[in-house]
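A look at the structure
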Amino acid sequence: MKVVLIGVGQAGGKLTQALAEFDHRMGFDAIRGALAVNSAKADLQSLSIDTCLVGQARVNGHGVGGDNELGAEVMQEDTGEVMGQLDGQITAEAEGIFVVAGLGGGTGSGGAPVLVRELARIYDIPVYALGVLPGRDEGAMYQANAGRSLKTLVREADSTLLVDNDAWHSSGDSVGDAFDAINRAIAQRVGLLLASGEAIEGVGESVVDSSEVINTFKEGDIAALGYASAAASEDSAENVTTTMSTARQALFTGTSLPDARTADAALLVVAGRPEAIPRKGVERARRMVEDETGSLQVRGGDFPLDSDRLAALVLLSGVERSDRMEEFMERAREANEQQPESDADPAAQFQNDELNDLF
Ligand SMILES: Nc1nc2c(ncn2[C@@H]2O[C@H](COP(=O)(O)OP(=O)(O)OP(=O)(O)O)[C@@H](O)[C@H]2O)c(=O)[nH]1
């Protein structure tokens, strides 16, 4: 699936860069453009992808300090500049746009929904959000910001693929190291999903194509992505059990949103050398995903990849009823009530009482 990525805020920019690097390193070429947008100049300077500074007139390159209403406002004011920079990148071959952001901060949290809405208005291709939920130990402001941002993203985006920072615990010795490890893990999963939806000439019908990814996303508001891999034998007949156990692991312990299991639709992709992928195993694993998610719309297919391992990717669409989502929304609602009354323009993007009717 050929996509253009737009990272908003610090997490969004770093994740976008990690995705572009993974895509390049693997030789996939699914990512046709990558732009980082931020109100903090310093955050953009450390990136090697294209960048766009917004809100200079308001915050003079210093960021919005976790104020996501201000994040929404600066994006609104400078949308034209961002769109101008995207003009040459979103070409006719692009099949989707991903707006990537950490939902707990200011620039990404407030700016991403504004950008998604604007992109959806202008382009005919699907506009997705890739959003990072703050971990449980992050403060009330982060939870409230993420709740408000998510509320708007769900309304504006074709689908919101959520990644929970709590889904990966890293042994990195600093917060920066831990984030880098999380970003690499996310880039690998999302990068494989995007690449697996690329039409590859001369391969069999069982190979996943971009319409299957798009149609799976279409079935729900919030999506999660599971991943696991294992060493494989060269002979596909010996890999039936491995395919089943890897798919189970991807679904039960490897999702980007812990506990996400019931879904409205799902896509199982088994990646590895074509001669090592057992057809019977893929079909059995697909039926297992059907049983476990309770969805009757579970697509399955292969992704030829030159690797000694077999990997299973499970895209789950419509996971808003998961325990983690409900727990997060409850905390976001509580945190939102504790926030001081907003003095922003009532027509502004976020309204505090909106959270009460989420989902
Ligand atoms: N996975 C991941 N999460 C991150 C990273 N950096 C920050 N976060 C998370 O993202 C949220 C904060 O968002 P940032 O992207 O730092 O903030 P911002 O959008 O730049 O907004 P301001 O700094 O307020 O202008 C928090 O919940 C962090 O835990 C990162 O590199 N990777």
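Residues numbered from 1 in each chain as written. Predicted model: local features only at pLDDT ≥ 70, side-chain atom pairs only at ≥ 80, totals over all residues. Heavy atoms only, no water.

**Overview of a negative patch on the surface**
How we decide: Each patch is built from residues lacking any salt bridge and having more than 30% relative accessible area; the joining distance is 9 Å for like charges and 5 Å for nonpolar side chains (Val, Leu, Ile, Met, Phe, Trp, Tyr). Only the protein chains shown count as cover for residues, and the accessible areas themselves come from Shrake-Rupley with a 1.4 Å probe. Think of a salt bridge as a Lys or Arg side-chain nitrogen and an Asp or Glu carboxyl oxygen that are within 4 Å of each other. For the purpose of counting charges, residues Lys and Arg are taken to be positive, whereas Asp and Glu are taken to be negative. His and the chain ends are not included. Working definition for charges: the position is that of NZ of Lys, CZ of Arg, CG of Asp or CD of Glu. Going along the chain from the N terminus, every DSSP run of H or I of four or more residues is numbered as a helix, and every run of E of two or more is numbered as a strand. In this scheme, a residue with accessible area under 20% of its type's maximum is buried, one over 50% is exposed, and one in between is partly exposed, where area comes from a 1.4 Å probe on protein chains only.
Taken together, the side chains of E234, D235, E238 and E275 define an acidic patch exposed on the protein surface. Mapped onto the elements of the fold, E234 is located in the loop between β7 (222-231) and α9 (240-252). Since its relative accessible area comes to 71%, E234 is described here as exposed.

**Observations regarding the site of the ligand**
Note the threshold: Each residue is tested against the molecule or strand, and it is near if at least one of its non-hydrogen atoms lies within 4 Å. As used in this structure description, the phrase polar contact means that two N or O atoms lie within 3.5 Å; if the pair is within protein, one of them must be able to donate a hydrogen and the other to accept it, and residues adjacent in sequence are counted only when both atoms belong to side chains. Residues were grouped as follows: Ala, Val, Leu, Ile, Met, Phe, Trp, Tyr, Cys and Pro as nonpolar; Asp, Glu, Lys and Arg as charged; and all remaining residues, including Gly, as polar.
Taken together, 21 residues surround the ligand, and among them G66, T107, G108, E138 and N183 come closest. A distance of 2.7 Å separates an oxygen atom of the ligand from a polar atom in the side chain of T107. Residue G108 places a main-chain N or O atom 2.7 Å away from an oxygen atom belonging to the ligand. Relative to its unbound accessible area of 640 Å², the ligand is 90% covered by the protein chains. Those elements that place two or more of their residues in the shell around the ligand are α1 (9-25), α5 (107-122) and α7 (175-196). No other element matches α1, which puts 4 residues into the shell around the ligand. Split by residue class, the shell around the ligand holds 7 nonpolar, 12 polar and 2 charged.

**So, the packing of aromatic side chains**
Rules: To pair, rings of Phe, Tyr and Trp, with the six-membered ring standing in for Trp, must have centres within 6.5 Å; the planes then decide the type, stacked if under 30 degrees apart, edge-to-face if over 60, and tilted in the middle.
This structure, assessed with the given rule, holds 5 aromatic pairs. Summarising the aromatic geometry, the rings of F28 and F303 are spaced 5.7 Å apart at their centres and angled 55 degrees between planes, so their arrangement reads as tilted. Here F28 is found in the loop between α1 and β2 (31-38), whereas its partner F303 is found in strand β9 (residues 298-304), with 275 residues between them in sequence. Each member of the pair, F28 as well as F303, is classed as buried. Between F98 and F217, the ring centres sit 6.2 Å apart and the planes meet at 65 degrees, which makes this aromatic pair edge-to-face. Taken together, the residues F98 in strand β4 (residues 96-102) and F217 in helix α8 (residues 210-218) connect sequence positions 119 residues apart. Grouping aromatic residues by their ring pairs yields a cluster made of F22, F28 and F303.

**Digging into the UniProt feature "binding site: GTP" (unreviewed entry) in the protein**
Our working rule: UniProt positions are given in the numbering used here, feature names are shortened, and annotations may be inferred rather than shown by experiment. Contacts between residues were defined by any pair of non-hydrogen atoms, one from each residue, lying within 4.5 Å.
Following the UniProt record, the feature "binding site: GTP" (unreviewed entry) maps to Q10, A11, G12, G13, K14, G106, T107, G108, E138, N165 and N183 here. Note on K14: relative accessible area 27%, which makes it partly exposed. What K14 contacts, discounting residues up to four positions off in sequence, is L47, F179 and N183. Here G108 lies in helix α5. Those residues in contact with G108 that lie beyond four places of it in its chain are V8, G9, A101, G102 and P113.

**Structural notes on the sheet that holds β2**
Within a beta sheet, neighbouring strands are joined by backbone hydrogen bonds and run either parallel or antiparallel to one another. The line we're drawing: By the convention used here, strands pair only if DSSP detects at least 2 bridges between them. To get an axis, fit a line to the C-alpha atoms, keeping to the stretch in contact for a helix; angles then go from 0 to 180 degrees between the N-to-C directions.
Strand order in the open sheet made by the 10 strands is β3-β2-β1-β4-β5-β6-β7-β10-β8-β9, with mixed pairing throughout. The strands lining the two open edges of the sheet, one partner per strand, are β3 (50-53) and β9. For this sheet, the mean angle separating the axes of adjacent strands, direction not counted, is 25 degrees. Across 6 bridges, the pairing between strand β1 (residues 3-8) and β2 is parallel. Residue pairing for β2: L5 is matched across the bridge by A34. Most of the contacts of α7 go to β7, to which it runs at about 95 degrees, and overall it touches β1, β2, β4, β5 (127-133), β6 (159-164), β7, β8 (265-272), β9 and β10 (309-317).

**With respect to the pattern of salt bridges**
On inspection of all chains with the given rule, the structure shows 19 salt bridges. Residue D29 is joined to R32 by a salt bridge in which the shortest nitrogen-to-oxygen separation is 3.6 Å. Two residues, D164 and R324, come together in a salt bridge whose shortest N-O distance is 2.4 Å. Pair noted here: D164 is in strand β6 and R324 is in helix α11 (residues 323-338), with a separation of 160 residues, a long-range link. Taking relative accessible area as the criterion, D164 reaches 0% and is therefore assigned buried. Relative accessible area serves as the criterion here: at 2%, R324 is assigned to the buried category. Through salt bridges that share partners, R136, D164, D166, R324 and E327 make up one connected network.

**Structural notes on the pairing of β5**
The element β5 is extensively covered by neighbouring structure, given that 7 of its 7 residues are classed as buried. Of the two faces of β5, the one holding V127, A129, G131 and L133 and the one holding Y128, L130 and V132 are both buried throughout. In this sheet, β5 lies alongside β4 in parallel orientation, the contact comprising 6 bridges. Paired with F98 across the bridge in β5 is Y128.

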